[in-house]
Amino acid sequence: MSPKTYDAIVIGGGHNGLAAAATLARKGKSVCVIEQNDSCGGMARNAAFASGAQAPQIAHLLYNLNPKVAKELGIGTSKAPLLTKELPTVSLKEDGDHVVIHGTKARLASGAIHPEAATYEELISRLIRFAALLGQLSTKSPPSLDGGLTDLATLGELAGLAKLGLDLKRMGKKEMREFLRVILSNIYDLTLDELADDALAGAMTADAVRGAYAGPRSPGTVFSLMYRLGQGGGTQLPIGGMGAVSRAFEQAARAAGVDILTGKGVTRVLVEEDRAAGVALSDGEVLKARAVLSNAGPKATMMLAGAEHYDVEAVRRMRNQRCKGTAAKVNLLLKSAPVFPGLSAELTAGRLLIAPSATYVERAFNPAKYGELPSDPVIELVIPSLTDPSLATDNQHILSAVVSFVPHGLEGGWDKSAQDRLVALTLGTLEKYSPGISDLVLEQQVMSPADIEAATGAPGGHWHHAEMGIDQILTVRPANGMAHYRFGPVGYYLCGAGAHPGGDVTGVAGRNSALQLLKDGVL
Amino acid sequence: MGQHDRYDAIVAGAGHNGLTTACYLAKAGLKVLVVEKNDWIGGAAVSRSLHDGWTYSNCSYVCSLLRREIVRDLELPKYGLQVIPYEGGASFTRDGDYFAYMSDHDALRREMARHSAHDVDAYERFSQTVIRQCRFIRPFLLRNAPDPTSIKPRDISELLFLVKQAHGLGAKELGETLRFWSMSIGDFLDEHFESDLIKAHIAGAGIIGTGLGVYSPGTAYVLLHHYMGDVDGAIGAWGFARGGMGAISNALGACFEEAGGKIVMGSGVDKFLVKDGKATGVALENGDEYYAPIVASNMDVKRTFLQHTGQEHLPEDFTKAVKRFKIRGSSGKLNIALDALPKFPAAPKGAPFLRGDMHCSESLNELERAYDDWKEGRWSQNPYFDMLIPSQIDPTMAPPGKHMMTVFVQYAPYDLEVNGVRSGTNWTDETRKSFAECVFDKLEQACPDIRSKTLHAEIRTPLDIENEVGLTEGNIFQGELTFDQLLFNRPVPGYAQYDTPISGMYIVGSSAHPGGGVMAAPGANAAKEILRNTGKGRAIRGYAA
């Protein structure tokens, strides 16, 4: 194998790892990505059923891809093509009187205007405006006081915060006050102060807490909704499945000259004289590099280098990170398209939510706190084959469901019978909205949070690698004093969702870490 | 028609904050009237004789937060206030063990080691952090919350003070502070301790009085609200006011009257009188009217503006903000007259921690489940409570040899759910009784003979507290202590400096910054603000000057 020393090695070929690699390679650095699985993709990959039908293995929709990152990396261009289709959201109701949300507009599935449409539009538009303001912090390193007020880098970072402050002031007193009031509050109260506790409120609260270890009543959930609304709140279905998204990132990386090594895990990061020097692979091979970036979870990243390279406090912080995954995935192969009474074929192809009220969502969260499954789960489901027929054949369809509040630490553990219970629970819930759907099932795939952790290395199977709570964002993400992607030894960087700004398929954490590395003058 | 007297200022409600405002104003030379709906003063800081020979602190029951600057300014000890500290406390388990919290450091270490050697060291880190956070926040309690949207020199200087304090912490501490303020008490404790019992013992302070669970972000901050007080300068210490919490109110009342103030009791405010956007006085329920250019309401913000102020005087946005201000009833109380001291079989006889706060909750999950019950409008079958027997330290509370017990119960819903319907009216004699029985069942975990020693028990639901004290939903803080309702957001963004849309009208109760607890800080801060606005700011010595 190559005796060559790379400028940088990236551990993990998830989209953030690829974004980091591509960013470095585009600046002329030699970069190698090492992926333990046989292909890149992390949480954004396809999983095939026996029949060959392609289901999104974990993530199934794209809503937060950062346009700045996409543009920088050339994603969506001929070198790294990516086609998406925007889906409407449908919040299902058992009585068939579903609520349809297109952007900021709410109506009923019957076509009538939703009685709360105007209130909803005002509320969600305001949150989108706030989200856009906050969004300007995401593409920069988080502000800190590390260097003191005389340090140029610190001042630069604080300037970003000052800019946010100015933009806030520019909104006018009233809006600024509203921003400062809601930013740390909970989505349950914010929603129900304005809307009746029905399917529209249910959709809004469910979107705020999907993937989070929090119920709508937990303070901080307005922020998590804003994070989700960072790109305006639209939901895109990638044509070709989520695998197509990773493929685009991979192509962008390769086009920039990145080497990608798959099927090998990294067992250890080599540290020489407190500098990252390369990695040891599972087959015993050693690859040298002047910098190493890790797309793994923060704690795993620490352990790869060895806890001895960190002070006690840093180790404790990593051990205490909150990363309890709560989202499970159930994919069903159906012999024909399911029918949801009250829903047109066009809307059936949308993003369907089972979250009939905010109270329902909160109730669904309760059991997760005690390691139990919810009795009435919150589900986000999409039938991608209705939009993209190439995914399945013979009129078969794929139903991809994200089941919320399924605990990583399930009482009794995640064995086959627990998985079966999860499928039964999912089908039982779907039956209420699409009677007879169970009879259509040909095959099923289940990914519990524990399975997600095993497949991707995401700590706790958590979507965002670390909970996006107020106590774990910005300057304290992934931990106090570790917010600048620099991770212990010189030249060792965290480039995954555990770093600022956090999770979702955004590409930002990877891209930011690469830029920070370059700025730090490591290469 | 009744009286039509004129005053310089009128305070509506003789709670401890209202009285504090009144004291400062009277000492500054204003002619001040306090009107109170009950026949007694004190609001929720009262001592009441509801069973022959016994004195119940039947609402608030322990003292620590009362700002010593205020005690000093108003010379409250001179008027009979004496705070007696108690030491330690304990949590009892179902299987007959306990964890005792003791103020003696070595004793505490030994006791912790009995449960977990690991937690002994963890406690050192824990208490350092908490004390640091208390020190950080205390200077803000007696200052106005700056308005971040304002460019007035005062607001900017307050903001700069905040920035200076924050910067003084250094980067690392600032990060820790940001994290601490936004964490849940459950996560914070999980980070430090391994013993469920120790965690449960401490966690109560993060949820008492709130509509939040131990795993709700923001509850670590609430912990501070119970830790940042002191008794005679001992940070975090708690004590009993001799003669019950009413001693505080009575001292304030005496101070006020000696300064020339007048208190009218027995009829509450019916309407705040407003003319041309200016406060002119109050009309009482009995028809009396009193006039003053300054009117201060000690009632919570909802009661003040939604029930007793003409809506035509208020901007629509303001009313809307008041409506959405969260004041949730989440706690109840049992006040018990005891024939003799109940036995605590688990504890060594005469153990000092029996004189402190006692609990029977064993794990964070147990507390969180109690919160889940409350969300659904039920009291928990396994409630958390904070139980004390003050008569052991303060014999004036009960006849010789007899005792008085106060049991604060978290969580009790205001709008109780019965057969799928949630309403305050579901608190009937029957449901009140079953609520009490549920608490007694759990009390037996600590003292199995409690029922046989009970002579009389007063059951207080959130509805009872609302009816008696006037606190909306019986919420002890006059508004949830969540971030959307603290500092410049409390009670209404844009009106966080005790002012209101009505000129000359002020909010002086716990609905205002810095919030609830028998702290008297809102009342004192408001007085300072009022005096400043009337140009009398320099008329008195002491803190408010």
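Please read these numbers as outputs of a predicted model, since none were measured by experiment. (Residues numbered from 1 in each chain as written. Chains lettered and ligands numbered in written order. Predicted model: local features only at pLDDT ≥ 70, side-chain atom pairs only at ≥ 80, totals over all residues. Heavy atoms only, no water.)

Draft legend 1. Structural view of the overall build of chain A. The helix and strand tally for chain A stands at 17 helices and 19 strands. Here chain A has a C-alpha radius of gyration of 22 Å; the compact-globule value for 523 residues is 24 Å, and the two agree. Along the three orthogonal principal directions, the C-alpha set of chain A runs to about 65 × 60 × 50 Å. Counting all 523 residues of chain A, 65% fall into the buried class. In chain A, once contacts between residues fewer than 6 apart in sequence are set aside, the share between residues at least 24 apart is 73%. Counting every atom, chain A has about 18100 Å² of accessible surface; 53% of that belongs to carbon and sulfur. Looking at charge distribution, chain A has the averaged site of its 50 positive side-chain charges lying 7 Å from that of its 52 negative ones. (Helix = DSSP H or I, 4+ residues; strand = E, 2+ residues; numbered from the N terminus. Rg over C-alpha atoms; globule rule 2.2 N^0.38 Å. Buried < 20%, exposed > 50% of the residue type's maximum accessible area, 1.4 Å probe, protein only. Contact = heavy atoms within 4.5 Å. Areas by Shrake-Rupley, 256 points an atom, 1.4 Å probe, with all protein chains shown as cover. Lys, Arg positive; Asp, Glu negative; His and termini not counted. Charge placed at Lys NZ, Arg CZ, Asp CG, Glu CD.)

Draft legend 2. Inspection of the UniProt feature "domain: FAD dependent oxidoreductase" (unreviewed entry) in chain B at higher detail. Using the residue numbers shown here, the UniProt feature "domain: FAD dependent oxidoreductase" (unreviewed entry) corresponds to residues 8–137 of chain B. From the first C-alpha to the last, residues 8–137 of chain B spans 34 Å; its make-up is 38% helix and 21% strand. (UniProt positions renumbered as here; feature names shortened; annotations may be inferred.)

Draft legend 3. The packing of aromatic side chains, seen in detail. Per the stated rule, a full pass over the model turns up 30 aromatic pairs over all chains. Centroid distance B:Trp427 to B:Phe435: 5.6 Å. Interplanar angle 70 degrees. Geometry classified as edge-to-face. Using a relative accessible area of 1% as the deciding quantity, one classes B:Phe435 as buried. Through pairs of rings, three or more aromatic residues link up here, namely B:Tyr101, B:Tyr123, B:Phe126, B:Phe180, B:Phe188 and B:Phe193. The ring centre of A:Tyr63 lies 3.9 Å from the NZ or CZ of A:Arg228, which sits over that ring. A cation over an aromatic ring shows up here: B:Arg143 above the ring of B:Phe161, its NZ or CZ 3.6 Å from the ring centre. (Phe/Tyr/Trp six-rings, centres within 6.5 Å; stacked < 30°, edge-to-face > 60°. Lys NZ or Arg CZ within 6 Å of the ring centre and 35° of its normal.)

Draft legend 4. Seen up close, unusual backbone geometry. Put simply, A:Arg477 and A:Pro478 share a cis peptide bond, and its omega is 0 degrees. As for its placement among the helices and strands, A:Pro478 is situated in the loop between helix 16 (449–456) and strand 19 (492–494). Note that the residue after B:Arg490, namely B:Pro491, is joined by a cis bond; omega there is -10 degrees. Position of B:Pro491 relative to the elements: it lies in the loop between helix 15 (462–469) and strand 23 (505–507).

Draft legend 5. Highlighting helix 10 (residues 298–305) of chain A. Residue and element names in this part refer to chain A. What helix 10 keeps buried is the set Pro298, Thr301, Met302, Leu304 and Ala305. End-on view of helix 10: buried residues confined to an arc of 160 degrees, all on one side of the axis. As for helix 10, its buried residues are in contact with strand 1 (5–11), strand 11 (266–272), strand 13 (286–294), helix 11 (312–319) and strand 19. (Arc of directions from axis to C-beta.)

Draft legend 6. The interface of chain B and chain A, seen in detail. Taken together, the contact between chain B and chain A spans 39 residues of the former and 34 residues of the latter. Both sides of the chain B and chain A interface together cover about 3600 Å² of buried area, and 50% of this is carbon and sulfur. Taken as a group, B:Thr149, B:Arg324 and B:Lys375 account for 16% of the area that chain B buries against chain A, more than any other trio of residues on that side. Across the contact surface, chain B and chain A share 14 salt bridges. A salt bridge links B:Arg324 to A:Glu178; the nearest nitrogen and oxygen atoms lie 3.7 Å apart. Seen at the junction of chain B and chain A, the total is 22 residue pairs in polar contact (both at pLDDT 80 or more). Those elements that provide at least two residues to the side of chain B that touches chain A are helix 5 (153–182), helix 6 (185–192), helix 11 (316–324) and helix 12 (364–375) of chain B. Element by element, the count of residues in the side of chain B that touches chain A is highest for helix 5 of chain B, at eight residues. Residues belonging to the side of chain B that touches chain A are distributed by class as follows: twelve nonpolar, nine polar and 18 charged. (Buried area = accessible area lost by both parts, 1.4 Å probe. Salt bridge = Lys/Arg side-chain N within 4 Å of Asp/Glu carboxyl O. Polar contact = N/O pair within 3.5 Å; in protein donor to acceptor, adjacent residues only side chain to side chain. Nonpolar A, V, L, I, M, F, W, Y, C, P; charged D, E, K, R; others polar.)

Draft legend 7. The sheet that holds strand 13 (residues 278–284) of chain B, seen in detail. Residues and elements named next belong to chain B. With antiparallel pairing, the three strands of this open sheet are ordered in space as 12-13-14. Lying at the two open borders of the sheet, with one neighbouring strand each, are strand 12 (269–275) and strand 14 (289–291). If you compare each strand with its neighbour and ignore which way they point, the axes differ by 25 degrees on average. The sheet contact formed by strand 13 and strand 14 spans three bridges and is antiparallel. Paired with Gly281 across the two strands is Tyr291, which belongs to strand 14. (Pairing = 2+ DSSP bridges. Axes fitted to C-alpha atoms, helices over the stretch in contact; angles between N-to-C directions.)

Draft legend 8. Geometry of the packing of helix 4 (residues 117–141) of chain B against helix 8 (residues 219–227) of chain B. Residue and element names in this part refer to chain B. Between helix 4 and helix 8, the least distance of the axes is 10 Å, while the angle of their chain directions is 75 degrees. Compared by their axis directions, helix 4 and helix 8 come out roughly perpendicular. Counting all contacts with helix 4, which are made through Phe126, Val130, Gln133, Cys134 and Ile137, the residues of helix 8 involved are Tyr221, Leu223, Leu224 and Tyr227. Split by residue class, the contact of helix 4 with helix 8 holds eight nonpolar, one polar and no charged. (Parallel < 35°, antiparallel > 145°, perpendicular 65-115°, else oblique.)

Draft legend 9. View of the pairing of strand 6 (residues 89–92) of chain B. All names here are of chain B. Neither face of strand 6 is exposed, since Gly89 and Ser91 on one face and Ala90 and Phe92 on the opposite face are all buried. For strand 6 and strand 7 (residues 98–101), the ladder comprises four bridges, and the chain directions are antiparallel. Across the sheet, Phe92 pairs through a bridge with Tyr98, a residue of strand 7. Where strand 6 and strand 17 (residues 357–359) come together, three bridges link them in parallel fashion. Bridged to Ala90 within strand 17 is Met358.

Draft legend 10. Local environment of a nonpolar patch on the surface. Residues and elements named next belong to chain B. A cluster of nonpolar side chains, Ile151, Ile156, Leu160 and Val163, forms an exposed patch at the surface whose accessible area comes to about 400 Å². In this fold, Leu160 is placed in helix 5. Note on Leu160: relative accessible area 52%, which makes it exposed. (Patch = residues over 30% accessible without salt bridge, like charges linked within 9 Å, V, L, I, M, F, W, Y side chains within 5 Å.)

Draft legend 11. Examining the pairing of strand 15 (residues 294–297) of chain B more closely. All names here are of chain B. Neither face of strand 15 is open: one carries Ile294 and Ala296, the other Val295 and Ser297, and all of them are buried. By the bridge criterion, three bridges tie strand 15 to strand 23 in an arrangement that is parallel. Across the sheet, residue Ser297 finds its bridge partner in strand 23, namely Ile507.

Draft legend 12. Just the sheet that holds strand 15 of chain B, in detail. All names here are of chain B. Overall, parallel pairing links the five strands, which are arranged 11-2-1-15-23 in an open sheet. Whereas interior strands pair on both sides, the edge strands pair on one side only; in this sheet they are strand 11 (262–265) and strand 23. Recorded for the sheet is a direction-independent mean angle of 20 degrees between the axes of neighbouring strands. Across the sheet, helix 9 (residues 246–258) lies against strand 2 (32–36) and strand 11, angled at about 125 degrees from strand 11, the strand it touches most.

Draft legend 13. Up close: the nonpolar core. Ranked by size, the top nonpolar core spans 134 residues in total, and within it B:Val32, B:Val35, B:Phe126, B:Phe193, B:Ile248 and B:Tyr290 carry the most contacts. Beyond its immediate stretch of four places on either side in the chain, B:Phe126 contacts B:Phe188, B:Leu189, B:His192, B:Phe193, B:Ile202 and B:Leu223. By size, the runner-up hydrophobic cluster in this structure holds 83 residues, among which are A:Val99, A:Ile101, A:Leu134 and A:Phe223. (Core = buried A, V, L, I, M, F, W, Y, C linked by side-chain atoms within 4.5 Å.)

Draft legend 14. Expanded view of the pattern of salt bridges. Scanning the entire structure with this criterion turns up 69 salt bridges over all chains. Between A:Asp471 and A:Arg322 there is a salt bridge; the shortest N-O distance is 2.6 Å. Separated by 149 residues along the polypeptide, A:Asp471 in the loop between helix 16 and strand 19 and A:Arg322 in the loop between helix 11 and strand 14 (328–334) bring together distant segments of the chain. Judged on exposure class, the residue A:Asp471 and its partner A:Arg322 are both buried. Residues B:Glu529 and B:Arg154 are paired through a salt bridge, measuring 3.0 Å at the closest nitrogen-oxygen approach. Of the two residues, B:Glu529 sits in helix 16 (residues 521–533) while B:Arg154 sits in helix 5, which places them 375 residues apart along the sequence.

Draft legend 15. Inspection of the environment of A:Arg511 at higher detail. Residues and elements named next belong to chain A. Following the sequence through the fold, Arg511 ends up in helix 17 (residues 508–519). Accessibility expressed as a relative area gives 4% for Arg511, which makes it buried. Distance in space between the C-alpha atoms of Arg511 and Ala21 is 8.1 Å, their sequence separation being 490 residues. Each residue touching Arg511, except ones within four places of it in the same chain, is listed here: Ala19, Ala20, Thr23, Lys68, Val69, Glu72 and Thr139. Within the local environment of Arg511, its side chain forms a polar contact with the side chain of Glu72, the two groups lying 3.0 Å apart.

Draft legend 16. Just the side chain of B:Lys333, in detail. Residues and elements named next belong to chain B. Structurally, Lys333 is set in strand 16 (residues 331–338). Comment: no salt bridge for buried Lys333; closest opposite-charge side chain is Glu458, at 6.9 Å. In terms of polar contacts, Lys333 uses its side chain to reach the backbone carbonyl oxygen of Cys59, at 3.0 Å. If near-sequence neighbours (up to four positions away) are discounted, Lys333 is found in contact with Ser57, Asn58, Cys59, Tyr61, Thr406, Val407, Phe408, Glu458, Ile459 and Arg460.

Draft legend 17. Expanded view of helix 16 of chain B. Residue and element names in this part refer to chain B. Compared with the 18 Å implied by 1.5 Å per residue over 13 residues, the 18 Å span of helix 16 between its first and last C-alpha is a close match. When you tally the buried positions in helix 16, you get ten out of 13 residues, the bulk of the element. Residues Ala521, Pro522, Gly523, Ala524, Asn525, Ala526, Ala527, Glu529, Ile530 and Leu531 constitute the buried set of helix 16. Each element contacted by the buried residues of helix 16 is listed here: helix 1 (16–27), helix 2 (68–73), helix 4, helix 5, strand 15 and strand 23. A positive backbone phi angle near 75 degrees is found at Gly535, which sits one or two residues after helix 16. (Expected span 1.5 Å × (residues − 1).)

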